Amino acid sequence: MKSRASIILLACVLTVFLCIPMILSAGGAKEVAKVTFFWAEYDGLTDAFRQELQDAFNDSQEAIEVDIVPVDWDLMHDKITTAVAGGAPPELCVIGTRWLLEFMEIDAVEEVTQYVSKETIDNISPGAMEAKLGGKLMGLPVAAGARIMAYNADITTKVPKTMEELRELAIRVHNPPKVYGLIMPGKKHTECTDFAYYLYAAGGDFFETRPDGSFGKSTINSPAGIKALEFMVQLATKDKVIQEGYLGLDRMDSHPLFYVGKYAYVFIGAWVESAYKSAGGEFDLRYAQIPPFAGQKQTSLIITDSIAIFKDAKNKEAAGKFLDFFYKDEWKARFDEMIGFPPVTISAGKLPQFQTPLYQVLIEAAQNAKGWPLMTEWAEVSDIIWDANVEAFLGRKTPKQTLDDAAAKIDKLRGM
Amino acid sequence: MVESKLILHRRKGYFWSTESKLAYLFLLPATVFLLAFMIYPIINVIIMSLYKTNKIGKLVEFTGSTNFSDLFQQKDFWVVMLRSVYWTGLAVAVKTLFGLILALLLNVEYKGRKVARTLIIIPWASSVPVSALLWRWVYHPEFGLLTHSLRVTGIWKNPPVWLGQPVSAFFSVIWVDIWIGIPFMTLVFLAGMQAVSKDLYEAAVVDGANTFQKFIYITLPGIRDVLLIATLLSTLWTFNDFNTIYLMTRGGPAGSTHILITYIYEHTFAWWKWNYGAAMAVITFIILSIIALIYAKVYFRREM
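Just so we're clear, the structure is a prediction, and the values are computed from it rather than from any experiment.

Draft legend 1. Region of interest: the overall build of chain B. The number of helices and strands found in chain B is 15 helices and two strands. Here the C-alpha radius of gyration of chain B, 25 Å, is well above what a compact globule of 304 residues would show, namely 19 Å. C-alpha extents for chain B along the principal axes are approximately 90 × 70 × 30 Å. Put simply, chain B has 304 residues, and 32% of those count as buried. Counted over contacts in chain B with a minimum sequence separation of 6, partners at least 24 positions apart contribute 66%.

Okay, structure coming up:
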């Protein structure tokens, strides 16, 4: 009898103990809609700004609380995938617009126009609406920018008109360890941007495009593709005009080297100016277009990122309100200035801080730029191309062999 | 007949006695936890490995062993599998060897032994991501301590790009795994050595045994069980060492540092091929279970 009483007492104690957190949270809970936002850590963007934005919004609202979670760009795809697959997506997430198709295929995202005010939507430049798919705006443009070439005018003031000229100039100024010709990452990172610069400059493309706009077989092993990779391999392994240890340096490791002032040229995005300032760069920084190969038309890579609203998230209405807040010039223009991208909002585009030489070059680059192929298999395709590039850098395969193998792998992957 | 019923009743009564009820009550949280976080995921992954899945891992169509046969036909899979075995074998062997040597050194009485014991635990006490990122900086091709030291001292004027070339990347990463794992082995072996009776060593000295003989005939047999358990645990951990590789190379360059666990991650979370990820996870589970069973058999045979 005594034992039974002990058991009951113990069970009660155990139950109360287990329920304490629930009781505490229930007692302390306010009726607030929590909005989680996976915030990409763009170069130039400071954590202080993120905190300031979060505090400002939360102070302005009683019923909504936003939690802006900083996430490394290179980990964002994995992070959001895991969250969606786990059935706990955030309300908002900055995504590469090219990922949208993946999320749309699994019906994970919602049309942003359902939650964001018309006023905010009307203030977005029509040219930035890459996320408008099938007539529906599936992501709110957050950054859109073509890639350009930055150069250190303290080392050289010559602007190459062609890739061949760039090579000559890089060889001419290359004098390590004082001066290096060019920066080119050789370690895999999120996207195969570097190959894209040279591929587009050679007049090539990743896939053949069918008359209906769909993608056919991979064309990375076209003469243009091979020319692009051969050129990259030549710069890296024969001319040796790029940064030392390039195979161990990804984009995030390589670009900061430019701000030190020892490198003549780099192909980079709009964030270059703000990142240069943050890094305390002290040289004469100038901008130009990424040159095409001789006889080709200048073609840059344009990348757009969007903010997606996730279908299974709890507080989508509240998320829309946060976006309306964030897209006011007070915040969005500051954001654009920090990351260096041309503003996606019409009102911010008129502000004086965006009428600079950098933005002129960016606008010009965007005129003939091409984006990534929008396809659901892109993450794996990009990895295959990266690995193929590295095989060529390592000398394990010739550029032609490695691109032939990669193209075959990509076609097989896509069932062709 | 009546007697056997009575015995059964008594057993039943004992089984459901108040005391055993209390034991079941205590076991309940752990059982629920195990079922929810261990058994359910394992069963779920096994089921997933037999299906075609969509991009978020939802089951679409039963395909039987297709995922496995697809994997077995891929050359890359076998390369990664062999590398995983090599990675585990080499890392565990080196950790065991270094662990033994350090444990022997720390088992000897000398001034500062306590400090040495404290210092040895630092790599184990630090979190793996911190250690991995620290070593990434050590290996940095421009500013890294290792490259710079080799250049400055003239030992190696053109050292490799440690994490940028396949062979050097593999050995650089495996060294970090070894570096992190050595303290555990050392401490476990040290604990085992301290449990060996000193009388045995004294008797061996009387019999004229030298240091090496004492190690072979007294120390090693004395720590045999500890050695078995420590190497088993180390094998399981090393085979599944995701953090070190992912943080340092993400399986690169050109896939040359992928082991099964990082390959699973890439298939599942980067490429959204959940079915193949699940199939590889099942293969990993089978391999590790076999290793654990062999160890258990050896261990318990001796116990009996």
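Draft legend 2. Quick peek at the overall build of chain A. Counting secondary structure elements, chain A contains 16 helices and 14 strands. Overall, the C-alpha framework of chain A stretches about 90 × 50 × 50 Å when taken along its three principal axes. For chain A, the proportion of its 416 residues judged to be buried stands at 48%. When contacts within chain A are restricted to residue pairs at least 6 apart in sequence, those whose partners lie at least 24 apart make up 78%.

Draft legend 3. The domain arrangement of chain A, seen in detail. Residues and elements named next belong to chain A. As assigned here, chain A comprises domain 1 (33-144 + 304-360) and domain 2 (148-299 + 377-413). Between domain 1 and domain 2, the residue contacts involve 15 residues of the former and 12 residues of the latter. When contributions to the side of domain 1 that touches domain 2 are tallied by element, the ones reaching two or more residues are α3 (73-85), α12 (329-339) and α14 (357-367). Looking at the side of domain 1 that touches domain 2, its residues break down into eight nonpolar, three polar and four charged.

Draft legend 4. The arrangement of the interface of chain B and chain A in detail. On the chain A side, the residues contacting the 25 residues of chain B number 27 residues. Looking at the side of chain B that touches chain A, the elements with two or more residues in it are α2 (18-48) and α14 (260-270) of chain B. The greatest single-element share of the side of chain B that touches chain A, amounting to four residues, is contributed by α2 of chain B. Taken together, the residues of the side of chain B that touches chain A break down into 14 nonpolar, seven polar and four charged.

Draft legend 5. Local environment of unusual backbone geometry. The omega torsion across Pro176 of chain A and Pro177 of chain A is 0°, close enough to zero to call that bond cis. Mapping Pro177 of chain A onto the fold places it in the loop between α6 (163-173) and β9 (180-183). Note the cis peptide between Gly252 of chain B and Pro253 of chain B, where omega equals -5°. Within the secondary structure layout, Pro253 of chain B lies in the loop between α13 (243-248) and α14. For Asp107 of chain A, which is not glycine, the phi dihedral falls at a positive 55°. With respect to the helices and strands, Asp107 of chain A occurs in the loop between α4 (100-105) and β4 (109-110). Positive phi outside glycine occurs at Lys240 of chain A, with the angle close to 50°. Residue classification places Lys240 of chain A among the partly exposed positions, given that 15 C-beta atoms sit within 10 Å.

Draft legend 6. Region of the structure containing the pairing of strand β2 (residues 59-62) of chain B. All names here are of chain B. Of the strand pairs in this sheet, strand β1 (residues 51-53) and β2 are connected by three bridges, and their pairing is antiparallel. Bridge assignment links Lys52 to a residue of β2, and that residue is Glu61. Connecting β1 to the antiparallel partner β2 that follows it, the hairpin turn spans five residues, and Gly57 within it adopts a positive phi of roughly 80°.

Draft legend 7. Examining the environment of Lys311 of chain A more closely. Residue and element names in this part refer to chain A. Take Lys311: it is sitting in the loop between β14 (302-310) and α11 (316-326). Sequence separation between Lys311 and Pro90 is 221 residues; the distance between their C-alpha atoms is 9.4 Å. Residues contacting Lys311, with those up to four places away along its chain left out, are Asp107, Ala108, Val109 and Glu110.

Draft legend 8. How the structure looks around the domain arrangement of chain B. All names here are of chain B. Taken as a whole, chain B is organised into domain 1 (2-48) and domain 2 (74-303). In this structure, domain 1 and domain 2 have C-alpha centres spaced 37 Å apart. Each partner contributes residues to the interface: domain 1 has four residues there, and domain 2 has six residues. Among the residues forming the side of domain 1 that touches domain 2, the class breakdown is four nonpolar, no polar and no charged.

Draft legend 9. Region of interest: the sheet that holds strand β12 (residues 263-268) of chain A. All names here are of chain A. Taken in spatial order, the four strands line up as β9-β12-β8-β13 in an open sheet, and their pairing is mixed. The sheet terminates laterally at β9 and β13 (285-288), the two strands that pair on one side only. Pairwise comparison of adjacent strand axes, ignoring direction, gives a mean angle of 20° for this sheet. Relative to β12, strand β8 (residues 148-152) runs antiparallel, the two being bridged by four bridges.

Draft legend 10. Quick look at the nonpolar core. By size, the foremost hydrophobic cluster in this structure holds 176 residues, and its most contacted members are Ala150, Leu182 and Ala308 of chain A. Here the element with the most residues in this core is helix α9 (residues 166-194) of chain B; it accounts for 13 residues. If sequence neighbours within four positions are ignored, Ala150 of chain A has contacts with Phe258, Val266, Ile268, Val272, Leu285 and Tyr287 of chain A.

Draft legend 11. Inspection of the pairing of strand β7 (residues 140-146) of chain A at higher detail. Residue and element names in this part refer to chain A. The buried fraction of β7 amounts to seven of the seven residues, a majority that puts the element mostly inside the structure. As paired elements, β7 and β14 share six bridges and run antiparallel to each other. By the bridge assignment for β14, Pro141 is matched with Ser306.

Draft legend 12. Quick peek at the confidence of the model for chain B. Residues of chain B with pLDDT of at least 70 account for 94%, and the chain-wide mean is 89. Across the interfaces of the predicted complex, the ipTM metric reaches 0.77, alongside a pTM of 0.80.

Draft legend 13. Quick look at the environment of Ala254 of chain B. Residues and elements named next belong to chain B. Considering the arrangement of structural elements, one finds Ala254 in the loop between α13 and α14. Ala254 gets classed as buried once you count the C-beta atoms within 10 Å, which come to 24. Ala254 sits 197 residues away from Gly57 along the chain, and the two C-alpha atoms are 26 Å apart.

Draft legend 14. Region of interest: the environment of Ile384 of chain A. Residue and element names in this part refer to chain A. You can see Ile384 is positioned in helix α15 (residues 378-393). Through-space distance from the C-alpha of Ile384 to that of Ile410 is 7.4 Å; in sequence the pair is 26 residues apart. Leaving out residues up to four positions away in the same chain, Ile384 has contacts with Ala406, Lys409 and Ile410.

Cut-offs applied
Residues numbered from 1 in each chain as written. Chains lettered and ligands numbered in written order. Predicted model: local features only at pLDDT ≥ 70, side-chain atom pairs only at ≥ 80, totals over all residues. Helix = DSSP H or I, 4+ residues; strand = E, 2+ residues; numbered from the N terminus. Rg over C-alpha atoms; globule rule 2.2 N^0.38 Å. Buried ≥ 20, exposed ≤ 12 C-beta atoms within 10 Å, placed from the backbone. Contact = placed C-beta atoms within 7 Å. Domains from an automatic or database assignment. Nonpolar A, V, L, I, M, F, W, Y, C, P; charged D, E, K, R; others polar. Pairing = 2+ DSSP bridges. Axes fitted to C-alpha atoms, helices over the stretch in contact; angles between N-to-C directions. Core = buried A, V, L, I, M, F, W, Y, C linked by C-beta atoms within 7 Å. pLDDT = per-residue confidence, 0-100.

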